[in-house]
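Structure assessment
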Amino acid sequence: MIKKVKSGLWLKIFLILTVLLFSVSILLYGIVMAVMPASYKYTLADGYVEQIDQFAAELESSSLNDATQKIYEFCVNNNASAVLEGKNAKIGFGSEIPEGTETEQPTQAATIGLALADGIYSLQIFTSAKLVNQLTQTFWRLFPIIGILVLIISLAASYFVSRFLTKPMIEISSVSERLTVLDMTWRCDTKRSDEVGILANNLNTMAERLDEALKELTEANEKLQADIEQERRQEKLRVDFFRAVSHELKTPITVLKGELEGMIYQVGGYKDRDVHLRQSMRTVNEMERLVKEILSASRMAGSDFSLTVSEIDLSSLVRQCCRKWQSAAEDKNQNFLIDIEEGCIIHGDRELLQKAISNIIGNAAAHSPEQENIEVSLKGEILKVCNSGVWIADTDLRHIFEPFYRADPSHSRETGGSGLGLYIVKTILDRHELKYNLENTAYGVCFTVFF
């Protein structure tokens, strides 16, 4: 019970108010019980003095019989007792004067001299303490009833007052507990304008600001996590890229080294240096082309790379790229079909977009068999390059844009190139934030770019 009282604000205020109201009420009742009889006694005595003065004036020059009758009526009406004494006569009125305890002793109001018709008399009038004692006894008899009523009223008043005072605080406490779990959706519903209302409004304002701050922190954290994840992916791509670069350069370097050593030591057919020098030159040219592509891909993948944006006539650019590869397609007896819509203007890096479009068309021409179709169409800022007679396996489609990946099972440079063409295309299109898609169709493969 003590633990419950200590942990409950409402119960504390309820008990404190109950004890306080009950104690104050009983104290006030005790003060009234002590003061009222004495006050009544003194008031009664003062009233008797004035009445007795008037009564004495009425008795002047009256006969003894008339005076006796009037004194009797006065004692009856005022609950008093009197003694009339004179000429060897002593007459008592009312109850006899008691001689008991102090509380039972009568209070003498006055002693006066009367000049009656037959002589001088002395009249003593006594006020009775009976009424005062009865009043005190009545207070004591009512004390248990008054105590119970005071207790009930104190309990009721304490209940309503404590509920009124603590209800908003309890509500604020209950909703603020959600603050500990970072739940900022709660609000204190109050229309009060006092200190409790101000506290509730301040908590509402704090919750709104904390909610906004948490949302901003959450968004910043999500962005940071995305940046970290992106950095990890880029780091992995860089590691994979350089691993692939080292692997791709290792083969031509080994070939070139073997040819040079054979010519130096004139081993077998390497004695004919002119023939093998030409072969070495082709190897060097291949390495040079590969290194340029590697440097180009690396430069575009860097974080400090920026596009040189200008207005581009996309229709003219696509037509130029088609002319570049049209003769190569005709050498393979391929049908080169062009459908380009005029007046397509975009903004971007002309040199890079030309390289990307040229690589897309070149891939289509290089990987299509003879007598097949190569279709290049540009309509509504949508470029499609489709080639028939060839399909890409689903497993290869998932990796086709990775650097140095070749869909050809032999992974030969003669059939699959360096493996950087589509990687460079992807990098350029990503830099321009363009959407693109490479998919198999019923007739072959189609590359779509949305400008």
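Worth saying up front: this structure is predicted, and the values here are computed from it rather than measured.

Thoughts on the pairing of strand E11 (residues 444–450)
When you tally the buried positions in E11, you get six out of seven residues, the bulk of the element. Hairpin remark: strand E10 (residues 435–440) followed by E11, antiparallel, with three residues in the connecting loop.

Comments concerning the nonpolar core
Leu314, Val318, Ile357, Leu383, Phe447 and Phe451 are the most contacted members of the largest nonpolar core, which has 47 residues in total. Secondary structure elements with two or more residues in this core: helix H6 (273–301), helix H7 (314–331), strand E6 (335–340), helix H8 (350–367), strand E8 (373–379), strand E9 (382–388), helix H11 (421–431) and E11. In contact with Phe447, other than residues within four places in its own chain, are Ile360, Leu383, Lys384, Val385, Phe401, Leu422, Val425, Leu429, Tyr436, Asn437 and Leu438.

As for a negative patch on the surface
A grouping of Glu212, Glu216, Glu219 and Glu222 is seen on the molecular surface, where their side chains present a negatively charged patch. With respect to the element layout, Glu216 can be found in helix H5 (residues 195–264).

Considering helix H3 (residues 64–78)
The terminal C-alpha atoms of H3, which comprises 15 residues, lie 21 Å apart, in line with the 21 Å expected from a rise of 1.5 Å per residue. The complete set of buried residues in H3 reads Ala67, Ile71, Phe74, Cys75 and Asn78. Buried residues of H3 fall within an arc of 95° about the axis and therefore sit on the same side. Along H3, exposed side chains directed more than 90 degrees from the buried face belong to Asn65, Val76 and Asn77. Looking one or two residues beyond H3, the residue adopting positive phi is Asn79, at roughly 50°.

Considerations on the state of the cysteines
Simply put, the disulfide is a covalent bond whose two ends are the sulfur atoms of two cysteines. Counting across every chain of the model gives one disulfide. Between the sulfur atoms of Cys386 and its disulfide partner Cys446 the distance amounts to 2.4 Å. Pair noted here: Cys386 is in strand E9 and Cys446 is in strand E11, with a separation of 60 residues, a long-range link. What makes Cys446 buried here is its relative accessible area of 5%. Not part of a disulfide, Cys322 finds its nearest cysteine sulfur in Cys321, a span of 7.0 Å.

Things to note about H8
Over its 18 residues, H8 extends 26 Å from the first C-alpha to the last, a length consistent with the 26 Å expected when each residue adds 1.5 Å. Listing the buried residues of H8 in full gives Leu352, Leu353, Ala356, Ile357, Ser358, Asn359, Ile360, Ile361, Gly362, Ala364 and Ala365. For H8, the capping residue at the N-terminal end is Asp349, with a side-chain oxygen 3.3 Å from the backbone nitrogen of Glu351.

With respect to the packing of aromatic side chains
Within this structure, the stated rule accounts for seven aromatic pairs. Pairing Tyr29 with Phe139 gives two aromatic rings, centres 5.8 Å apart and planes at 75°, and the pair type is edge-to-face. Here Phe139 lies in helix H4 (residues 130–176) and Tyr29 lies in helix H2 (residues 9–59), a separation of 110 residues in the sequence. Exposure class is identical for Tyr29 and Phe139. Each is buried. Taken together, a centroid distance of 6.4 Å and an interplanar angle of 20° make the contact between Tyr436 and Phe447 stacked. One end of the pair, Tyr436, is in strand E10; the other, Phe447, is in strand E11, with eleven residues separating them in the sequence. Judged by its relative accessible area of 22%, Tyr436 is partly exposed. Its relative accessible area of 4% is what places Phe447 among the buried residues. Members of the aromatic cluster, connected to one another through ring pairs, are Tyr29, Phe139, Trp140 and Phe143.

A look at the sheet that holds E6
Taken together, five strands build an open sheet; the order of strands is E6-E8-E9-E11-E10 and the sheet is mixed. At either margin of the open sheet sits one strand with a lone partner, and together these are E6 and E10. Across the sheet, the mean angle separating the axes of adjacent strands is 10° when strand polarity is ignored. Two strands pair when backbone bridges link them, and E9 and E11 are joined in this way by seven bridges, in the antiparallel orientation. Its bridge partner lying in E11, Asn387 is registered against Val445. Here H7 sits on the sheet and contacts E6, E8 and E9; the angle it forms with E6, its principal contact strand, is near 175°.

A short note on the side chain of Ser388
Position of Ser388 relative to the elements: it lies in strand E9. Among the residues examined, Ser388 registers a relative accessible area of 11% and is labelled buried. Among the polar contacts listed, one links the side chain of Ser388 to the side chain of Glu372, at a separation of 2.7 Å. With near-sequence residues (within four places) excluded, Ser388 lies in contact with Ser368, Pro369, Glu372, Asn373, Tyr443 and Gly444.

Reading the values: the criteria
Residues numbered from 1 in each chain as written. Predicted model: local features only at pLDDT ≥ 70, side-chain atom pairs only at ≥ 80, totals over all residues. Heavy atoms only, no water. Buried < 20%, exposed > 50% of the residue type's maximum accessible area, 1.4 Å probe, protein only. Helix = DSSP H or I, 4+ residues; strand = E, 2+ residues; numbered from the N terminus. Pairing = 2+ DSSP bridges. Core = buried A, V, L, I, M, F, W, Y, C linked by side-chain atoms within 4.5 Å. Contact = heavy atoms within 4.5 Å. Patch = residues over 30% accessible without salt bridge, like charges linked within 9 Å, V, L, I, M, F, W, Y side chains within 5 Å. Areas by Shrake-Rupley, 256 points an atom, 1.4 Å probe, with all protein chains shown as cover. Salt bridge = Lys/Arg side-chain N within 4 Å of Asp/Glu carboxyl O. Lys, Arg positive; Asp, Glu negative; His and termini not counted. Charge placed at Lys NZ, Arg CZ, Asp CG, Glu CD. Expected span 1.5 Å × (residues − 1). Arc of directions from axis to C-beta. Disulfide = S-S within 2.5 Å. Polar contact = N/O pair within 3.5 Å; in protein donor to acceptor, adjacent residues only side chain to side chain. Phe/Tyr/Trp six-rings, centres within 6.5 Å; stacked < 30°, edge-to-face > 60°. Axes fitted to C-alpha atoms, helices over the stretch in contact; angles between N-to-C directions.

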